[in-house]
Amino acid sequence: MAPQVIDHKGGVWSIAVPIPDNPLGHTLVHLLETDRGPVLIDTGWDDPDSWDTLTAGITACGFDPADIHGVVITHHHPDHHGLSATVRETSGAWIAMHAADAAVVRRSRAAEPGQWLDYVLVKLTAAGAPDEHLQPLRAARAAGRGRKPPGRRAALPDRAIEPGELLDLAGRRIRAIWTPGHTPGHVCLHLEETHPAQQGAPAAARPTGFGRLFSGDHLLPGITPHIGLYEDPDDVAPDLLDRGDPLGDYLDSLERIARLAPAEVLPAHQHAFWDAAGRVRELIAHHEERLTGLRTLLREPLTAWQLATSMQWNRPWAQIPAGSRTIAVSEAEAHLRHLVKRGHVEPVAGSAPVRYVAV
């Protein structure tokens, strides 16, 4: 099957690289032509079919996979960073990532077998997860089947992305915008060049705004990105309140993108779209509505697990698989932490596992 490739004009293409057994379907890997050769923004999932699709897409854009000059990673998740090592082995490309996410990659590669599973068990126990959820994880750990952290095969980056600076891409102007929230080191990339649709078009037909934004998972046209606690398998302390505020980071980052006002957004999933500021408003309103709903639920003391079971998801809690429940609890905890930092919720003194109540 021919790869799904879109020519966005002006030396920019997108390649739909499949994610195996995932409802997202694919990651949009973007290829940017530079004076030193093509550069990829993200790489896709580490899978043979995904690699075949990526290389076929690069060829369809008019380049050879061996000619890839560099790779810019928006964030460390395996559907974005997974094929980076294979790209480097094929082409010798450099790989750039924000330092905060590069640190996650280094910790994941250095983690001892079972450390990731230990981390998940401590987090879930502190959140009040019931034994029926914890027991299969304990059994796996006792049997020595400690799960490896995700993305272990991904390459270590050899360049740092500095927020606010122009990337070293010959003949192109791309500025890194640090947008933490989905991950601590997520970056968007602003192509500071006149949009092709604005060149020579009548004023009434030109899109408003300036440049194009490669938004990774930060800004998607129809999906609310997962905002959970930042993953750190080195940190297994049960107190979750004093380690940053991912949701607060995300909301602040959204405001930054709205002020940037790009003409078009090229996200890593779904499709390109125009109205960045409008989508930012929708996402901020969504989270504010969710926070208000959680304060209502927390009129009675609840653990993070109990709160997650009461929240609205894309399907009933009983139909959510165990792995996805763990992710949902992390999202509930991120919202809890933000409410605590706003002074709207507080932990109940002496409760174990910790329960939270609105104030």
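Provided above is the structure to which this section pertains.
Residues numbered from 1 in each chain as written. Predicted model: local features only at pLDDT ≥ 70, side-chain atom pairs only at ≥ 80, totals over all residues. Heavy atoms only, no water.

Brief notes about the overall build of the protein chain
Part 1: When its secondary structure is counted, the protein chain shows 10 helices and 13 strands.
Part 2: What you see for the protein chain is a C-alpha radius of gyration of 21 Å, in line with the 21 Å of a compact globule of 359 residues.
Part 3: For the protein chain, the C-alpha atoms occupy an extent of roughly 65 × 50 × 35 Å along the three principal directions.
Part 4: Within the span of the protein chain, comprising 359 residues, buried residues form 51% of the whole.
Part 5: Counted over contacts in the protein chain with a minimum sequence separation of 6, partners at least 24 positions apart contribute 68%.
Part 6: Accessible area for the protein chain stands at about 15,700 Å²; split by element, carbon and sulfur atoms hold 52% of it.
Part 7: With 34 positive and 44 negative side-chain charges, the protein chain shows a separation of 3 Å between the mean positions of the two kinds. (Helix = DSSP H or I, 4+ residues; strand = E, 2+ residues; numbered from the N terminus. Rg over C-alpha atoms; globule rule 2.2 N^0.38 Å. Buried < 20%, exposed > 50% of the residue type's maximum accessible area, 1.4 Å probe, protein only. Contact = heavy atoms within 4.5 Å. Areas by Shrake-Rupley, 256 points an atom, 1.4 Å probe, with all protein chains shown as cover. Lys, Arg positive; Asp, Glu negative; His and termini not counted. Charge placed at Lys NZ, Arg CZ, Asp CG, Glu CD.)

Topic: the sheet that holds strand 8 (residues 174–178)
Part 1: The strand order 8-9-10-11 describes an open sheet built from four strands, whose pairing is mixed. Both outer strands of the open sheet, strand 8 and strand 11 (264–267), are each paired with one neighbouring strand and no more. Along the sheet, successive strands turn relative to each other by an average axial angle of 25°, direction set aside.
Part 2: Those strands touched by helix 7 (residues 246–260) are strand 8, strand 9 (187–191) and strand 10 (212–216), and its axis lies near 150° from that of strand 8. (Pairing = 2+ DSSP bridges. Axes fitted to C-alpha atoms, helices over the stretch in contact; angles between N-to-C directions.)

Section: the pattern of salt bridges
Part 1: Here the structure, examined in full by the defined rule, presents 11 salt bridges.
Part 2: The partner of Arg173 in a salt bridge is Glu192, and the shortest N-O contact between them spans 3.0 Å. Taken together, the residues Arg173 in the loop between strand 7 (159–160) and strand 8 and Glu192 in the loop between strand 9 and strand 10 connect sequence positions 19 residues apart.
Part 3: Of the charged contacts in the structure, one is a salt bridge between Glu288 and Arg342, with a shortest N-O distance of 2.6 Å. Here the residue Glu288 occupies a position in helix 8 (residues 276–297), and Arg342 occupies one in helix 10 (residues 322–342), the gap between them amounting to 54 residues.
Part 4: Assessed through its relative accessible area of 34%, Arg342 is described here as partly exposed. (Salt bridge = Lys/Arg side-chain N within 4 Å of Asp/Glu carboxyl O.)

Some details on the packing of helix 7 against helix 10
Part 1: Closest axis-to-axis distance for the helix 7/helix 10 pair is 7 Å, and the angle between their directions is 80°. As summarised for this structure, helix 7 and helix 10 are arranged roughly perpendicular, according to the angle between their axes. When helix 7 is examined against helix 10, the residues Pro246, Leu247, Gly248 and Leu251 are found in contact with a partner set consisting of Ala334, His335, Arg337, His338 and Arg342.
Part 2: Grouping the constituent residues of the contact of helix 7 with helix 10 by class yields four nonpolar, three polar and two charged. (Parallel < 35°, antiparallel > 145°, perpendicular 65-115°, else oblique. Nonpolar A, V, L, I, M, F, W, Y, C, P; charged D, E, K, R; others polar.)

A closer look at the packing of aromatic side chains
Part 1: Here the structure, examined in full by the defined rule, presents three aromatic pairs.
Part 2: Taken together, a centroid distance of 5.5 Å and an interplanar angle of 90° make the contact between Trp305 and Trp317 edge-to-face. Placement of Trp305 in helix 9 (residues 304–310) and of Trp317 in the loop between helix 9 and helix 10 is noted, with a sequence separation of 12 residues between them. We note that Trp305, like Trp317, is buried.
Part 3: For Arg290, the ring lying beneath its charged end belongs to Trp313, and the centroid distance is 4.9 Å. (Phe/Tyr/Trp six-rings, centres within 6.5 Å; stacked < 30°, edge-to-face > 60°. Lys NZ or Arg CZ within 6 Å of the ring centre and 35° of its normal.)

A look at the nonpolar core
Part 1: One finds Leu219, Leu254, Leu298, Leu307, Trp317, Leu336 and Val345 to be the most contacted residues of the largest nonpolar core, which totals 45 residues.
Part 2: Among the secondary structure elements, those contributing two or more residues to this core are helix 5 (115–127), helix 6 (131–142), helix 7, helix 8, helix 9 and helix 10.
Part 3: Among the elements that make up this core, the one with the highest residue count is helix 5 (seven residues).
Part 4: Contacts of Val345, omitting those with residues within four sequence positions, involve Leu298, Leu336, Leu339, Val340, Tyr356, Val357, Ala358 and Val359. (Core = buried A, V, L, I, M, F, W, Y, C linked by side-chain atoms within 4.5 Å.)

A few points about the packing of helix 7 against helix 8
Part 1: At a minimum axis separation of 9 Å, helix 7 and helix 8 run at an interaxial angle of 155°. On the basis of the axis angle, helix 7 is roughly antiparallel to helix 8. Handedness of the crossing formed by helix 7 with helix 8: left-handed. The segment helix 7 lies against helix 8, with Leu247, Tyr250, Leu251, Leu254, Glu255 and Ala258 engaging Val280, Leu283, Ile284, His287, Glu288 and Leu291.
Part 2: Among the residues making up the contact of helix 7 with helix 8, the classes are represented as nine nonpolar, one polar and two charged. (Left-handed = near helix turned anticlockwise from the far one by under 90°.)

Regarding the pairing of strand 6 (residues 94–97)
When a strand is regular, its side chains alternate between the sheet's two faces.
Part 1: On strand 6, burial covers both faces: Trp94 and Ala96 on one face and Ile95 and Met97 on the other are all buried.
Part 2: Here strand 5 (residues 70–72) runs beside strand 6; their pairing, made up of three bridges, is parallel. The residue bridging Gly70 from the neighbouring strand is Trp94, located in strand 6.
Part 3: Of the strand pairs in this sheet, strand 6 and strand 7 are connected by two bridges, and their pairing is parallel. The residue bridging Met97 from the neighbouring strand is Ala160, located in strand 7.

Observations regarding the sheet that holds strand 1 (residues 5–7)
Part 1: As summarised here, the arrangement of the seven strands in space is 1-2-3-4-5-6-7, forming an open sheet in which the pairing is mixed. Two strands close off the open sheet at either side, each with one partner strand: strand 1 and strand 7.
Part 2: Of the strands in this sheet, strand 1, strand 2 (12–18), strand 3 (26–32) and strand 4 (39–41) touch helix 1 (residues 48–60), which is tilted by about 160° from strand 2.

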